[in-house]
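# Report on the structure
Okay, here's what each chain looks like letter by letter:
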Amino acid sequence: MNPKHTFPLLALALAFSSSLFAEEPSFVSKLFESGTLVYSDDFDGELNREFWGAPKGKTIEDGHLIVNPQFKNAEEAMKALNRDHHLGLEPVVHLNKIPEQFVCHLRYQFEKPGLTPGRPSFQIGHHMISLGILEGGGHRIKLPNDGPTFTEPDSGMALNEWIDLIIEYKKGTIQISVNGVGKTYEDAAVTIDNPKDKLGPRFTFKGGEGCRILFDSVRLWDCGE
């Protein structure tokens, strides 16, 4: 090869290879001045077990993490588990290692024919702050420890549609934005700390029967001082 052509070809190759790596998202927050990106995933590789746990019921397909029930019926589940409770008949998944103060961007959806009592359920902190879907669209936030409930119908949050969620949290204050509709809530009941949960803080997703949960992307920043 003519040496005078080597540098242009090398530059072109470097430019092409750099385009294969997506830029990390910029940190933007209403509650914090800075944060350290601790987890970023577009689900185009292997399952990150550090954040999502064991692969049971989980697959990665076409750039999505998909969570299905572990068993098809109670008989199959009881035989495999040798118990008659917590049978894995609904999709359940945890996003682990949530920092004490954080910003999190999630794009996800619950694929399900219709709402059922208490399902689907998204818990910010295991059994703590509840983020649910309203009948007719929109979302509901229920704070733990007999805290207040807030309804936000303008977000249009719904089953079978992608939900763009941003959560910013520090104890006593949480900013939740769903599909661009966001508010800040300040209350003594705002906490993700569950003393009974030895694996927390973490997020918990439960879909109910006849559901599967899909994740398109996640970004998580640690905003601890």
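In case you missed it, the structure is sitting above this.
Residues numbered from 1 in each chain as written. Predicted model: local features only at pLDDT ≥ 70, side-chain atom pairs only at ≥ 80, totals over all residues. Heavy atoms only, no water.

## Quick look at the nonpolar core
The following threshold applies: The nonpolar core is taken to be a set of buried Ala, Val, Leu, Ile, Met, Phe, Trp, Tyr and Cys residues, with the residues joined through side-chain atoms within 4.5 Å. Under the scheme applied here, a residue whose accessible area is under 20% of the maximum for its type counts as buried, over 50% as exposed, and between as partly exposed, the area being computed with a 1.4 Å probe on protein chains only. Whether two residues are in contact is decided by their heavy atoms, any of which lying within 4.5 Å being enough.
Core analysis: the biggest nonpolar cluster contains 42 residues, and Tyr 108, Phe 203, Phe 205 and Phe 215 have the highest contact counts within it. Residues in contact with Tyr 108, not counting those within four places in the same chain, are Phe 122, Leu 131, Met 157, Glu 161, Trp 162, Ile 163, Leu 165, Phe 205, Leu 214 and Phe 215.

## Notes on unusual backbone geometry
Most peptide bonds are trans, and most residues other than glycine sit at a negative phi. Spelled out, the test is: Only DSSP runs of H or I reaching four residues or more are called helices, and only runs of E reaching two or more are called strands; each is numbered from the N terminus.
Here Arg 119 and Pro 120 are connected by a cis peptide whose omega angle stands at 0 degrees. Take Pro 120: it is sitting in the loop between β5 (102–111) and β6 (121–124). With omega at -5 degrees, the peptide bond leading from Gly 200 into Pro 201 counts as cis. Relative to the assigned elements, Pro 201 resides in the loop between β12 (181–186) and β13 (203–206). Although it is not a glycine, Asn 145 sits at a positive phi angle of roughly 55 degrees. Looking at where Asn 145 falls in the secondary structure, it is placed in the loop between β8 (139–142) and β9 (149–152). Looking at Asn 145, the relative accessible area reads 61%, which means it is exposed. Phi angles above zero are rare outside glycine, and Asp 146 is one such case at about 60 degrees. In this structure, Asp 146 sits in the loop between β8 and β9. Classification of Asp 146 by relative accessible area gives exposed; the value is 79%.

By themselves, these are just geometric observations and shouldn't be taken as functional.
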